[in-house]
Amino acid sequence: MEIVAGLFKWDYHTLCKGLTCSLVKVTGEAQPIEVPQSTETCIHARDALSKVVYEKLFAWLVGCINECLQASDALANTTEAEKKKIEAHFIGVLDIFGFEVFENNSFEQLCINYANESLQQQFINQMLHAMMAQYESEGVKVDAIPFEDNSPCVDLLESKLGIFSMLDDECNFPKGSDDTFLGKLMDAHKTHSHLKPGGSSCDPHLKDIQTPASKTTIGTVRGRMLTIGEAFVVSHFAGEVEYNVRSFLEKNRDTINESLKTILTSSEHPLMKKLLEARTDDDAPAPTKAGRMIGGRLVGASTGARTVGARGGSRSVAQRKEDKRSLGSQFKMQLSELVGLIESGRAHYVRCIKPNTLRRAHCFEAPSVIRQLRCSGVTETVRARRAGWPVSHTFQDFVNRYKEVYISLSKRKTVLRVDMMPKTAGDDMMAILSFFLSSEQEWRIGTSKLFLRDQSSSVLEDKYKMYRLNCKLLLQARVRGVLQCSKYRKWAGASLSIQKNVRMWSAMMRRKRTVKAMRMLQHMARAKVACILFRASCCAAQELQAAARCCKRRRVHVAATVGACGLKAAVRRATKSALYSHHLIKLIEKEREGRRLQEEEEKRKRLADEERSRATLMAQEKYKIEAQADELCDEVAQSVDAMQLSMAKEQLQLAADCYKQAGRTDKMQLIATLERSIAKAQEREVSRQQGQVEMTQAEALLATGDSAGAKAAVQSAKANFERALASDMSDQVDKIMLRVQQQDDKAFYLSDAKAAEQQASALVEQERYTEASKALEKAKVSYKRAGSGAGGSSLVHLETQITAGEAAVEHLQAAKNREQEDLKKTSEQEQKAAEDQAKAMDLEA
């Protein structure tokens, strides 16, 4: 206990107290009374607490997985229509329940075996009935194929007077118990072929499955055979199973007491808090929270999830109605949705067989496998298929598939024709069948299809596979021959290429040697010619050097003479340049003075221009500030229209500062006008907010059912909206007023329906069933007009009582009529006897 309390972060003393004591509310007492529990009740409380935690954890995990699948990137950018189109096509994998039978079979085994019965019925309808429908549509005369139909067993479990319905009715009775349920069940189905009293199970192959050392549960005794008053036997398609009725009603109700609720709410673990927040007593979640839309159907949704503390707390009518749903009805509803989903698609079945119980390779236990095949309905299916012709082909497909095999084996050279005349196609098909099959009982011919037995189809397929194998071997031989020929051609070409390259290399080597010898001879001849030319050029160079030295001496002499003449001319030019320089200096000084005076004049002009431009800039700045202030005033008016009053105040303050900076005191009157408009807008906004608050109050009062207070709040909100000139809120006010009127009408119809229901109950007690039926119809109409599902179970119960009472009245009336007829016949016989006696006396006289 300490380890469990530490894992779930529960208080140890609270956990022990909640499991060993129950809280009972007594009228007139403020606090519930603690009542100690027995050992068996404590064990039930422990199991119930474990189931609640497991159930909430499983629902939370499925919800997380579905949220991750729905947030896939593949559907992120698609429209709703495309999403529905994608979700309409899906592939689902269903791991069905296994048939269960133990030494002690309780409510859980009944639910699991009921699921197997329903799925077996769906399998039979899809496989065998579809095969018979195909025979009928093709006009094939086939004797009825006998197979075991489990429809009576399914009706026994799920019909209106079936086991689950009677169990729900017994749970609704105040003093209902397991013994009364078993008694009513056996009385209602005395003559049913699939229901027997306890202790009469004699199925031999199911006795092999039962383990004598299995654990017993509460309400059973180890090693003791169950009596008639403790169990009942149901004949399933896999065999007879004996169910112990102990704790049937408690498991079907599936509720927990207030002490377990206290344990759950006292946990400090983050995950436990999150699981409890997913569904509390005061706030019920949507029924599709853990579900997912697949193929236009909701799969994985908890249609009847149990709530914590189902007897306490203030909950809505829909939540209380959901809590009253039993575990059996929840299971039957979910199973019906599953069967509907399977029937909406194309189902393919995979039967998994466990070869041995030792988990050892290459070990096959024949009795165990036979039991599994019998329990899963495979043996029945195989037997039904062997009795018929399960393999079907159209005429054209059959001839196209086996015509080549027939031609190759019969050594015929004619080509089969299917697409010409039906007579030709029939002759060809009959020729193939007569050639391969010995008896006409191996096939049946319909209007458009040919039906074969499994053995006949196997013979044809073996011939076809052998023909395909021979064709493959022949094709492989031809391909290998072609590959070898291509390889030979490749090698021959390679050898010719090698020979050609060798001859080319030898010719190139001979040419290189010839070219090298010719180049050597050319080099030696060129060297001889160059030597002769060098000697001639040396003699010519010596003669040129002598002429050049003579010419150089003459040039030096001429240069010295020219330099002396130039020096004299330079002296004369220097004397003249001194006089010119003095005159030039005077001109330069005069020019500098004029330039200085011109620069001072330009400086004075530049300063004057700068002063004028500065004054112009200041004037432009004041104009810009004034324009900015005007724009701010316009924005203030727009903000007031948009009810952005805080922004309007800030803009108005900035506009006032700008006018002061620009020196425009005449604009302050405009500022004052805008301030007054802002104040009026604030008043309208306050009125609008008050109206919205009153609208919220009206919705809250409407949710609590106070329609009068909601109506007064709506009228006050309407007056505030009129003061605020909020015409856009009129539609919302009208909608809430309409909801108030609808709630008043709903309350009126509900009160009328309850009165009619009470009247019907009183009339039923007075045995006035005709008037009670009329009152019941009136109550149904009032509930329907109120749009509420309340009173469903009570109306069904009243309708059942009225039907039973009318049947009893009719039975009594029939009995009275028979009694009167008997009396009438007796009196007629006595009168006739008296007449006969009188006649006899007359004759004697």
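On a predicted model such as this, the values are computed, not experimentally measured, just so you know. (Residues numbered from 1 in each chain as written. Predicted model: local features only at pLDDT ≥ 70, side-chain atom pairs only at ≥ 80, totals over all residues. Heavy atoms only, no water.)

Colleague: When you look at the nonpolar core in this model, what are you seeing that I'm missing?
Modeller: Nonpolar side chains tend to gather and get buried jointly when the protein is soluble and globular. I163, F181, F232, V234 and F248 are the most contacted members of the largest nonpolar core, which totals 35 residues. Among the elements of the structure, α5 (107-137), α6 (151-158), α7 (163-172), α8 (178-188), β4 (231-236), β5 (239-244), α10 (248-253) and α14 (327-344) are those that each provide at least two residues to this core. Looking at this core element by element, the count peaks at six residues for α5. Grouped together as the second largest cluster of nonpolar side chains are 18 residues, A629, L632, C633 and I671 included. (Core = buried A, V, L, I, M, F, W, Y, C linked by side-chain atoms within 4.5 Å. Buried < 20%, exposed > 50% of the residue type's maximum accessible area, 1.4 Å probe, protein only. Helix = DSSP H or I, 4+ residues; strand = E, 2+ residues; numbered from the N terminus.)

Colleague: I'm lost on the packing of helix α17 (residues 395-410) against helix α19 (residues 454-641) in this one. Help?
Modeller: In a pair of packed helices, the angle between the axes and the distance between the axes together describe the arrangement. Two elements in contact, α17 and α19, have axes whose closest approach is 10 Å; the angle formed by their N-to-C orientations is 65°. In terms of orientation, α17 and α19 fall into the roughly perpendicular class. Between α17 and α19 lies a crossing whose hand is left-handed. Within the contact between the two elements, α17 uses F398, R401, Y402, E404, V405, S408 and L409 and α19 uses L460, E461, K463, Y464 and Y467. Its residues assigned to classes, the contact of α17 with α19 shows seven nonpolar, one polar and four charged. (Axes fitted to C-alpha atoms, helices over the stretch in contact; angles between N-to-C directions. Parallel < 35°, antiparallel > 145°, perpendicular 65-115°, else oblique. Left-handed = near helix turned anticlockwise from the far one by under 90°. Contact = heavy atoms within 4.5 Å. Nonpolar A, V, L, I, M, F, W, Y, C, P; charged D, E, K, R; others polar.)

Colleague: Explanation requested: the sheet that holds β4 in the structure shown.
Modeller: Neighbouring strands of a sheet are bound in pairs by backbone hydrogen bonds; such pairs are parallel or else antiparallel. Across the sheet, three strands lie side by side as β3-β4-β5; this open sheet has antiparallel pairing. Of all the strands in the sheet, just β3 (195-197) and β5 have a single pairing partner and so form its edges. Looking at each pair of strands side by side, their axes are set apart by 30° on average, direction ignored. Strands in contact with α6 are β3 and β4; relative to β4, the strand with the most contacts, it is inclined by about 140°. Along the sheet face, α8 touches β3 and β4 and points at about 45° away from the line of β4. (Pairing = 2+ DSSP bridges.)

Colleague: Looking at this model, I keep getting lost on a nonpolar patch on the surface. Mind explaining?
Modeller: Residues V24, V26, I33 and V35 make up a contiguous nonpolar surface patch of roughly 260 Å² in combined accessible area. Within the secondary structure, V35 is located in strand β2 (residues 33-36). (Patch = residues over 30% accessible without salt bridge, like charges linked within 9 Å, V, L, I, M, F, W, Y side chains within 5 Å. Areas by Shrake-Rupley, 256 points an atom, 1.4 Å probe, with all protein chains shown as cover. Salt bridge = Lys/Arg side-chain N within 4 Å of Asp/Glu carboxyl O.)

Colleague: I tried to follow the packing of aromatic side chains on my own but got confused; where do I start?
Modeller: Given two aromatic rings, one states the distance between the centres and the angle between the planes to describe the pair. Using the criterion set out here, one finds 15 aromatic pairs in the structure. Taking the centre distance of 5.6 Å and the plane angle of 80° together, the rings of F107 and F248 count as edge-to-face. Here F107, found in helix α5, pairs with F248, found in helix α10; they are 141 residues apart in sequence, far enough to count as distant. Across the pair, F248 and F107 agree in class, each one buried. Taking 5.4 Å as the distance between ring centres and 80° as the angle between the ring planes, the aromatic pair formed by Y406 and F435 counts as edge-to-face. Of this pair, Y406 sits in helix α17 while F435 sits in helix α18 (residues 422-436); the two residues are 29 residues apart in sequence, bridging distant segments of the chain. Within the aromatic cluster, the residues linked to one another by ring pairs are F107, Y114, F164, F181, F232, Y243, F248 and F331. Sitting over the ring of Y464, R401 keeps its end group 4.1 Å from the ring centre. (Phe/Tyr/Trp six-rings, centres within 6.5 Å; stacked < 30°, edge-to-face > 60°. Lys NZ or Arg CZ within 6 Å of the ring centre and 35° of its normal.)

In short, shape yes, function no, at least from these values alone.
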